[in-house]
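Read off the chains here:
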Amino acid sequence: MSNDEIFAAAYREHYWAVSRYVARRLDGRTGEVEEVVAEVFTVAWRRRADLPPSPLPWLYGVARNCLANTVRGHGRRRRLVDRLGNDDTAHGRHIAAGPEAETPGAWVHEALSRLSAADQEVLRLTAWEELAVDEVAVALGCGRQAAAMRLHRARRRLRAEIDRMCPEATADTDCAKGVGHG
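Report follows, based on the coordinates.

Quick notes on the rules
Residues numbered from 1 in each chain as written. Predicted model: local features only at pLDDT ≥ 70, side-chain atom pairs only at ≥ 80, totals over all residues. Heavy atoms only, no water. Helix = DSSP H or I, 4+ residues; strand = E, 2+ residues; numbered from the N terminus. Buried < 20%, exposed > 50% of the residue type's maximum accessible area, 1.4 Å probe, protein only. Contact = heavy atoms within 4.5 Å. Areas by Shrake-Rupley, 256 points an atom, 1.4 Å probe, with all protein chains shown as cover. Salt bridge = Lys/Arg side-chain N within 4 Å of Asp/Glu carboxyl O. Core = buried A, V, L, I, M, F, W, Y, C linked by side-chain atoms within 4.5 Å.

### With respect to the overall build of the protein chain
Counting its regular elements, the protein chain contains seven helices and zero strands. Going from N to C terminus, the protein chain has its helices and strands arranged as α-α-α-α-α-α-α. Among the 182 residues that make up the protein chain, the fraction classed as buried is 34%. Excluding contacts between residues fewer than 6 apart, the proportion of contacts in the protein chain whose partners are at least 24 apart in sequence is 60%. As displayed, the protein chain has an accessible area near 11,700 Å², and 52% of this comes from carbon and sulfur atoms.

Listed below in structure tokens is the structure:
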């Protein structure tokens, strides 16, 4: 099979998985998902000779880098808008969420958001993308042992954060449901 055919097969097989990966990390900014996914596959096309036999974890690694570029760009634009004073809060427009805005399991996302970006990513790769430790290692660009240790430590820190958020958690509270010690 030629490199072009290998790329085409990887694109067909993994386009939606990469799209979901990007969409979950852009948290509702749907217009940007297509741009980032296009960039991922542009990089993959340029490096099609380097595609591994199992390309999905490698594509996730490329997506991570593309997302980092997107986030940096947002930061630059946000700082510019703040300097110009042309944002909603400067014009007195502030939207407050109502009590029904609390989503089920929001406490898990809150605990996750309190972790470092590296901890969040290793946990998301295993939980959201359902990657095995070997695949996480490829996506993160590190060895298997390092990936396993990062995952172990991230899980431990998430558990500690959940315990901090809900010190009085009992089996029937929202905070304790679905989260076991161990």
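### Overview of the pattern of salt bridges
All chains considered together, the criterion is met by eleven salt bridges. Here Glu-121 and Arg-25 are joined by a salt bridge, their closest N and O atoms 3.0 Å apart. Of this pair, Glu-121 sits in helix 5 (residues 117-127) while Arg-25 sits in helix 1 (residues 3-26), placing them 96 residues apart in sequence. Residues Arg-47 and Asp-50 are paired through a salt bridge, measuring 3.2 Å at the closest nitrogen-oxygen approach.

### Some points on the environment of Glu-130
Note on placement: Glu-130 falls in the loop between helix 5 and helix 6 (133-140). Exposure remark for Glu-130: the relative accessible area of 65% places this residue in the exposed category. Those residues in contact with Glu-130 that sit more than four places away from it in its chain are Leu-125 and Glu-135.

### Remarks on the nonpolar core
Membership of the largest hydrophobic core comes to 41 residues, with the highest contact counts inside it found for Val-18, Val-22, Val-40, Tyr-60, Leu-123 and Leu-125. Among the elements of the structure, helix 1, helix 2 (30-46), helix 3 (56-84), helix 4 (106-113), helix 5, helix 6 and helix 7 (144-165) are those that each provide at least two residues to this core. For this core, the element with the highest residue contribution is helix 3, accounting for eight residues.

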